Structure formats: C-alpha cells, structure tokens
Amino acid sequence: MSASLASECNEVKEKYDNCFLRWYSESFLRGTATTDECKPLFDQYEKCLKKALKDRGIDNMIKEARDDNMENDAEHMKPRR
Amino acid sequence: MVKFYSSSDTYNYPFSAVTLAYFLRYPNPYSTHVLSTDTIARHFDPVTQRLTTVRLHLKRSKLPSAVLRILPKSLLGASATGDTQAYILEKSIVDVKEGWMDTESQNLEWTGVLSVVERQSFRRPVTQAEEDLKMFQGMEGAARRHGFITFASGAQVEDNGETTDVTSTVTLHSHIGEKWKKRKAAGGVADEEHKEKTGFFKSWTTGSLQSSIELIGLKRARRSQPNAKEGMKVVLERMREGGLVAVLEGMRRDRETIVGHSTALKKRSNGDDVD
C-alpha cells in the first residue's frame, strides 16, 4: 500500500485502505453497495490526517483548491453520456 | 496562452479492473518519485452508485535545469540542484453503472508559475455498457460477471476480452508576471513574485516568460505521460497474474525501493532537507 504523508497515520490508513479495497471490489464494482461500510475507519484516518495537514500548513491550500474547483467540476466531471 | 497535451489509448482490461488499478497505481516501478498518497475525502452516493474520491499525493520532483535558469531561487524553494517536492490534488468520480471514471489532478503550489491540470477519462466501450445494462436489469450472472474480483480467493482479473478506453489531457497555464487574483493564503507570494518581475525578469516580456515555462511543462508532460500509462499497465498485469494479493505484494516491494531512494537522496544532499 502507498505510504501516508504522515507516518503516524500509516497504521490507520492501512486499515482503512484494506477495508476500502474489499468494499470496492466486492460491493461497489458489482453494483451491490448500499452504504460505504468503511466510513467509521475513514473517520479515524481522517482525524489523524487532518491534524497532519494542519501541522504542515497545507489544509488551507487544499481547501482553496477544492473551493476553486467546485465550478470547474460542474463542467468537467459531469457524465458525458 | 495555454498549452495542451492530449492522448488516447485502450487498455486490454475490463473497466472495473482499470478503475481499481487507478486507485492502486502508486507505488509502481514507474512512480518511485511518489512519496505518499492519502485519501482526504470520499463519498458514495447509493442512489447513483457513484463514488467520489479526493486524494493528496506528495511527489518528489526535480526542476528542469531550464526552469532553474529562468527563475530566481528565492521563488522556487528548491535546493541548488532543483530537488523539491510537490503536492498534487486528485479528484475522481467512478460511475460503475454507466461505466465511466473521470479524474482530475492538479498541482497545489506555484500555480501562478505553472498550473498543470491533468484529466483522464476512462470509458467502458459503449456496446459493452449496453450489454452490461441489460445484465443489470435482471439477468442472472451479472454479479458474477462484474465480480471479476474475489478478495478472499485472490482477486483475479478474468481475461474475457473486455477493454477500456482512456483519453488523457494535460493543460499547462502560466500566470507568471501577471497580477493575478490574489488568493488569501498565497497573497504574500503573489506580491513577492510581482516584485521579482521588476528585477530579475526585466529582460523578459511576460508573454515570452509564460510561454517558455509552459513549453518546459509541456515537454515534461510528454515525457511523463507514457510512464504513467506504463505504471498503470504494471499494476493491471500484476492483478491479472496474481490478483489483489500480487498487486499489494508488488506495492510493498516498490515502496521499499522508494524508501531506499529517499534515504540515499538525503545522504547525498548531506542533510539538506528539501521539505
């Protein structure tokens, strides 16, 4: 698995990634998913990561890029058929 | 004054495998410059069956010597040899019912100097999608057909002749020397850059400077795009040969290589951290 930006998040990231891979291949790709079963693990991972991003001062940079993208998304990410 | 790179290709793998490989593409032997990958947001919509993912990659990069010559070091935040790191934000949406995945990646820093936006669009060929739709509408075996992967049994890719079309575009845009709209967090940077222009860039017209930087970016995109594709193919090949287990094992080995590289790099630069 890929490493986390923050080594202290590696453990929880790996747990989440494993859960996601299983859910993605066994439920999502088969079109049988009803909920994101890995959400609780993601929340733990996110908590760790949020702190790491803030500590590195890149949380605002990400937020701005995502805000800027909102309008672009409507254009570029829509289904084309 | 925007430069543009575009290519299209067909993967000899089913759409679902390609989307999985996209999420698992780092690390691979062609991406030893990718230091980390984190998922920062993920949303599944059960109604549309769409999955939206936002990830953050940290890549080690070496600035082209041409850029090093053009830009003052104070602006680059790179070491004397041009070693630096770059954050890349990637957004993707997968629609498994309709059979498409759209992705968009962009650099987070120095977007004024050069903004690089890479978009990829993966499509299950239409006839296939139509067939699949029929199968979804009640035919038996749809789950089995789509379930090319079984985690427990090692996630094999069935070689059933399915393909996936992909188009990639890279848009390069430099705003250097412009008084572009100041962003809150980057306000200081914009000011500083404008000041630099009057000194260092005096001999350049804004247009020629932008054009030169975009061209350097374009050359780099032309070089790196085939590698990115090869990286995906390595991951897909591993999946075909040994399933998810083989992919994860390959990633583990590639990650060790990366760690080895980083250590060697740090040693070489004698503790000159490029962070």
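Above this text you will find the structure in question.
Remember, it's a predicted structure, so these values are computed and weren't measured experimentally.

## Some remarks on the state of the cysteines
Residues and elements named next belong to chain A.
Moving on, step 1. If you walk through the whole model with that rule in mind, you get two disulfides over all chains.
Moving on, step 2. Through a disulfide, Cys-19 is tied to Cys-38; the S-S separation comes to 2.1 Å. Across the S-S bond of Cys-19 and Cys-38 the torsion is about -90°, and the bridge reads as left-handed. With Cys-19 in helix α1 (residues 10–28) and Cys-38 in the loop between α1 and α2 (39–55), this residue pair connects regions lying 19 residues apart in the sequence.
Moving on, step 3. When the cysteines engaged in disulfides are numbered in sequence order, chain A pairs them as 1-4, 2-3.

## As for the sheet that holds strand β5 (residues 100–107) of chain B
Moving on, step 1. Reading across from one edge, β1-β7-β6-β5-β4-β3-β2 (chain B) is the order of the seven strands in this open sheet, with antiparallel pairing throughout. The outermost strands of the open sheet, each flanked by one partner alone, are β1 (2–11) and β2 (34–45) of chain B. In this sheet, adjacent strand axes meet at a mean angle of 15° when their direction is disregarded.
Moving on, step 2. Alignment of β2 of chain B against strand β3 (residues 50–62) of chain B, held across 10 bridges, turns out to be antiparallel. If you follow Ala-41 of chain B over to β3 of chain B, its bridge partner there is Val-54 of chain B.
Moving on, step 3. On top of the sheet, α2 of chain A reaches β2 and β3 of chain B; it is set at about 130° to β2 of chain B, its chief contact.

## A word on the interface of chain B and chain A
Moving on, step 1. Listed per partner, the contact involves 60 residues of chain B and 46 residues of chain A.
Moving on, step 2. Interface area for chain B against chain A, summed over the two sides, is near 4700 Å², with a carbon-plus-sulfur share of 59%.
Moving on, step 3. If one sorts the elements of the side of chain B that touches chain A by residue count, β2 of chain B sits on top with nine residues.
Moving on, step 4. Of the residues that constitute the side of chain B that touches chain A, the class distribution is 33 nonpolar, 13 polar and 14 charged.

## Details of unusual backbone geometry
All names here are of chain B.
Moving on, step 1. Cis peptide bonds are those with omega within 30 degrees of zero, and the linkage from Tyr-26 to Pro-27 qualifies with -5°.
Moving on, step 2. Along the chain, Pro-27 falls in the loop between α1 (15–23) and β2.
Moving on, step 3. For Gln-49, which is not a glycine, the phi torsion comes out positive at approximately 60°.
Moving on, step 4. Tracing the backbone shows Gln-49 in the loop between β2 and β3.
Moving on, step 5. Gln-49 gets classed as buried once you look at its relative accessible area, which sits at 7%.

## Structural notes on the side chain of Gln-120 of chain B
Residue and element names in this part refer to chain B.
Moving on, step 1. Mapped onto the fold, Gln-120 is located in strand β6 (residues 115–123).
Moving on, step 2. Within the structure, Gln-120 has its side chain in polar contact with the side chain of Ser-168 (distance 3.3 Å).
Moving on, step 3. Ignoring any residue separated from it by four or fewer positions in sequence, one finds Gln-120 in contact with Tyr-22, Met-101, Asp-102, Thr-103, Val-166, Thr-167 and Ser-168.

## Regarding α1 of chain B
Moving on, step 1. Among the nine residues that make up α1 of chain B, nine are buried, leaving the element largely enclosed by the rest of the structure.
Moving on, step 2. Every buried residue of α1 of chain B is accounted for by Phe-15, Ser-16, Ala-17, Val-18, Thr-19, Leu-20, Ala-21, Tyr-22 and Phe-23 of chain B.

## Considerations on the nonpolar core
Moving on, step 1. Counting 55 residues, the largest nonpolar core has Trp-23, Tyr-24 and Phe-28 of chain A together with Leu-24, Leu-56 and Phe-122 of chain B as the members making the most contacts within it.
Moving on, step 2. Discounting residues that sit within four places of it in the chain, Leu-24 of chain B has contacts with Met-1 and Leu-21 of chain A together with Val-235, Leu-244, Val-247 and Met-251 of chain B.
Moving on, step 3. Formed by 14 residues, the second largest nonpolar core is a distinct cluster that contains Tyr-5, Val-67, Val-113 and Leu-114 of chain B.

## What to know about the environment of Asp-83 of chain B
All names here are of chain B.
Moving on, step 1. In this fold, Asp-83 is placed in strand β4 (residues 83–95).
Moving on, step 2. On the accessibility criterion, Asp-83 (11% relative accessible area) is buried.
Moving on, step 3. Asp-83 sits 155 residues away from Arg-238 along the chain, and the two C-alpha atoms are 31 Å apart.

## Notes on the side chain of Asn-28 of chain B
Residues and elements named next belong to chain B.
Moving on, step 1. When you line up the elements, Asn-28 lands in the loop between α1 and β2.
Moving on, step 2. In this structure the side chain of Asn-28 is engaged in a polar contact, spanning 2.5 Å, whose partner is the backbone oxygen of Arg-25.
Moving on, step 3. Polar side-chain contacts of Asn-28 include one of 2.6 Å to the backbone nitrogen of Tyr-30.
Moving on, step 4. Excluding residues within four positions of it along the chain, Asn-28 makes contact with Gly-231, Val-235 and Asp-254.

About the cut-offs
- Residues numbered from 1 in each chain as written.
- Chains lettered and ligands numbered in written order.
- Predicted model: local features only at pLDDT ≥ 70, side-chain atom pairs only at ≥ 80, totals over all residues.
- Heavy atoms only, no water.
- Disulfide = S-S within 2.5 Å.
- Helix = DSSP H or I, 4+ residues; strand = E, 2+ residues; numbered from the N terminus.
- Pairing = 2+ DSSP bridges.
- Axes fitted to C-alpha atoms, helices over the stretch in contact; angles between N-to-C directions.
- Contact = heavy atoms within 4.5 Å.
- Buried area = accessible area lost by both parts, 1.4 Å probe.
- Nonpolar A, V, L, I, M, F, W, Y, C, P; charged D, E, K, R; others polar.
- Buried < 20%, exposed > 50% of the residue type's maximum accessible area, 1.4 Å probe, protein only.
- Polar contact = N/O pair within 3.5 Å; in protein donor to acceptor, adjacent residues only side chain to side chain.
- Core = buried A, V, L, I, M, F, W, Y, C linked by side-chain atoms within 4.5 Å.

This is a description of form; function is not addressed.
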